[in-house]
Amino acid sequence: MIVYGPIPSRRLGQSIGINNIPPKVCSYSCIYCQIGRTNKMQMSRHAFYRPDDICSEAEVKLRQLKAENRQADYFSFVPDGEPTLDLNLGKTIMLLKPYRVKMAVITNASLLWMDDVKEDLMNADWVSVSIDAADEGTWRKIDRPHGMLNHHDILNGIVEFSKSFHGTLVTETMLVEGVNDQEACIERIAEQMALIQPQKAYLLVPSRPPAESFVKRASADSLRKAVSIVRAISAVDVECITGDEAEEGFFFTDEISDDILSIASVHPIREDILNALLQKKRTDKSVLTELVKSGRLSDFIYEGKRFYKTNILGDLS
Ligand code: SF4
């Protein structure tokens, strides 16, 4: 399934996910990635799925929601990789416009120096760009980019985009202990945010099983310091997302196994949330047991909590 959810999100409300990239094609291989290590690293854009097929699936999803008297706040491009690698991203956004659901794209921003990528994103309503580091050394350590990418071009591309984009632009910074949570790193990031002036700067910590087991979330103290540094230097509104917030409102159709697999491929789900959903659907846990037994789903313990993640291409982590 290319279209999944909706999944609840603090930033976007109920958002229908669009998985417009096959697993796991990305221009980065972030150490904290919840999907696992990147096995298809690329920085050139390709056509992956047909925009018409994505629209048909989106239409079905909207009909299912309507039948349950529910609504979606956003279509969000949050795939198994980097959404702007899709050559058809702009076309798909335009085809989805008539459904009158706002459009969000969560991008690592690595291709924003390309004019066609900027043009594609111009038609979205909400764009989130990642800025995990504003110095090259830290960027290489945390995001492990494609070898041909140039950090300076990317940062300039984000600034240029921020000047012409009329929708809501936010930034996302994942803070990993000992990697990019030092004051000097945050100061550089804050200086970059001062140039971009996003509507909000989100500071996150890894809250789901990361690609690399050494990854630890930044401490509460580092987060507090980061918030005050970013506010002081950039005068931008800052919000922290620690993953401890309640996640309710996942939407399951009657195809529960398919729903679990499509959501857990991009968004590992905590056991307690999954159990509550199964209960709501009056389904017992045998669905989960079967998926794990067949090797399509894996369970992981992260920070003392069990998560379920889809095995997209065997074990990616
Ligand atoms: S976190 Fe996003 S940008 Fe980083 S490797 Fe995963 S999919 Fe790619």
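Residues numbered from 1 in each chain as written. Predicted model: local features only at pLDDT ≥ 70, side-chain atom pairs only at ≥ 80, totals over all residues. Heavy atoms only, no water.

Notes on the sheet that holds strand β9 (residues 200–204)
1) Next: The strand order across the open sheet formed by 8 strands is β1-β2-β5-β6-β7-β8-β9-β10, and the pairing between neighbours is mixed. In the strand order of this sheet, the two ends are held by β1 (3–9) and β10 (238–241), each with one partner. Shown here is a sheet whose adjacent strand axes are inclined to one another by a mean of 25°, direction ignored.
2) Next: Inspection of the sheet shows strand β2 (residues 13–18) paired to strand β5 (residues 74–77) by 4 bridges, in the parallel sense. (Pairing = 2+ DSSP bridges. Helix = DSSP H or I, 4+ residues; strand = E, 2+ residues; numbered from the N terminus. Axes fitted to C-alpha atoms, helices over the stretch in contact; angles between N-to-C directions.)

Some points on the pairing of β9
1) Next: Within β9, 4 of the 5 residues are buried, which leaves the element mostly enclosed by the surrounding structure.
2) Next: As paired strands, β9 and β10 are joined by 4 bridges and run parallel to one another. Bridge pairing links Leu-203 to Cys-240 in β10.
3) Next: Remark: the β9/helix α7 (residues 220–234)/β10 crossover connection has right-handed handedness. (Buried < 20%, exposed > 50% of the residue type's maximum accessible area, 1.4 Å probe, protein only. Right-handed = clockwise from strand over helix to strand, strands pointing away.)

Things to note about the pairing of strand β13 (residues 305–310)
1) Next: Summarising the sheet, strand β11 (residues 269–270) and β13 pair through 2 bridges and their orientation is antiparallel. Considered in β13, the bridge of Arg-270 is made with Phe-307.
2) Next: Examined bridge by bridge, strand β12 (residues 297–302) and β13 share 6 bridges and lie antiparallel to one another. Bridging from a neighbouring strand, Tyr-302 pairs with Lys-305 of β13.
3) Next: The hairpin turn running from β12 into β13, its antiparallel successor, is 2 residues long, and Glu-303 in that turn takes a positive phi close to 50°.

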